[in-house]
Amino acid sequence: MNEPLEIERKWLIEYPNTIELSKMEDYDYTEIWQTYTDYVEHNTFGRIRKRGKKGEYTYTKTFKRRISDLTRVEYEEEITKAEYDKIMGYRKKGYNTINKVRHTFMYKGFKYEVDVFPFWSDRAFLECEVNSEDTEIPIPSCVRIIKEVSFDSRYKNSVLAQKITTEKL
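These numbers come from a predicted model, not from an experiment. (Residues numbered from 1 in each chain as written. Predicted model: local features only at pLDDT ≥ 70, side-chain atom pairs only at ≥ 80, totals over all residues. Heavy atoms only, no water.)

(A) Region of the structure containing the overall build of the protein. In terms of regular secondary structure, the protein is built from three helices and nine strands. Going residue by residue from the N terminus, the α and β elements of the protein occur as β-α-β-β-β-β-α-β-β-β-β-α. Against the 2.2 N^0.38 benchmark of 15 Å for 169 residues, the protein shows a C-alpha radius of gyration of 16 Å, consistent with a compact globule. Projected onto its principal axes, the C-alpha positions of the protein cover 40 × 40 × 35 Å. (Helix = DSSP H or I, 4+ residues; strand = E, 2+ residues; numbered from the N terminus. Rg over C-alpha atoms; globule rule 2.2 N^0.38 Å.)

This is how it looks when you write it as structure tokens:
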């Protein structure tokens, strides 16, 4: 059985100019609330998300299993608000819900996501999903890379839900 793979690279970037981001090809944004749970499916713990904007929201549950630092098996499905509310009862102790605004756009044939968090005023994340771990990824000129954090667990959203990384830049 072919499992759904997610191969993703991630960079810590300087806080972006969202006006410049909005000028990129196929730009959009969405608000995301992400909660980690003790709810188990696919033999792994998961997360739930509420996402949307202007009062229109969708809900998903996601389960990921690590294959390598860059690759995970990812099961994701849309759920109802009632299912979302039920699974919220399984919130993982010691984990806060993460709120972020995700800016998405296309650049040189790649889809990029820039996640901006209310707890950081000087940094954000740039992410890009690819088909292979060795894919060369062009960096858009509208972002300023601080460093790649694909291999640094301190910058996983699940870790930030427990403790915000505040190292000096």
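(B) Looking closely at the environment of Asp-38. One can find Asp-38 in strand 2 (residues 25–41). Expressed as a C-alpha distance, the spacing of Asp-38 and Asn-157, which sit 119 residues apart in the sequence, is 16 Å. A polar contact is formed between the side chain of Asp-38 and the side chain of Lys-92, at a distance of 3.5 Å. (Polar contact = N/O pair within 3.5 Å; in protein donor to acceptor, adjacent residues only side chain to side chain.)

(C) Representation of the packing of aromatic side chains in the model. If you walk through the whole model with that rule in mind, you get 12 aromatic pairs. Feature note: the residues Phe-117, Phe-119, Trp-120, Phe-125 and Tyr-155 constitute an aromatic cluster, connected by ring pairs. Positioned over the ring face of Trp-33 is Lys-50, at 4.9 Å from the centre of the ring. Of note, Lys-50 hangs over the ring of Tyr-57, and the distance from its end group to the ring centre comes to 4.5 Å. (Phe/Tyr/Trp six-rings, centres within 6.5 Å; stacked < 30°, edge-to-face > 60°. Lys NZ or Arg CZ within 6 Å of the ring centre and 35° of its normal.)

(D) Summary view of the side chain of Thr-60. The topology assignment puts Thr-60 in strand 4 (residues 56–66). Here Thr-60 is in contact with Arg-47, Ile-48, Arg-49, Glu-76, Glu-77, Glu-78 and Ile-79, once residues within four sequence places are set aside. (Contact = heavy atoms within 4.5 Å.)

(E) Representation of the pattern of salt bridges in the model. In this structure the tally under the stated criterion is 17 salt bridges. Note that Asp-85 is salt-bridged to Lys-81, the shortest N-O span being 2.9 Å. Separated by four residues within a single helix, Asp-85 and Lys-81 lie in helix 2 (residues 81–88), roughly one turn from each other. Overall, Lys-81 belongs to the partly exposed group, its relative accessible area being 45%. One salt bridge in this structure joins Asp-115 and Lys-100, with 3.2 Å as the shortest N-O distance. You can see Asp-115 sitting in strand 7 (residues 110–116) and its partner Lys-100 sitting in strand 6 (residues 98–107), a full 15 residues away along the chain. Both residues of the pair, Asp-115 and Lys-100, belong to the buried class. One salt-bridge network, held together by shared partners, links Lys-10, Lys-100, Arg-102, Glu-113, Asp-115 and Glu-127. (Salt bridge = Lys/Arg side-chain N within 4 Å of Asp/Glu carboxyl O. Buried < 20%, exposed > 50% of the residue type's maximum accessible area, 1.4 Å probe, protein only.)

Read these as layout, nothing more, since geometry by itself doesn't imply function.
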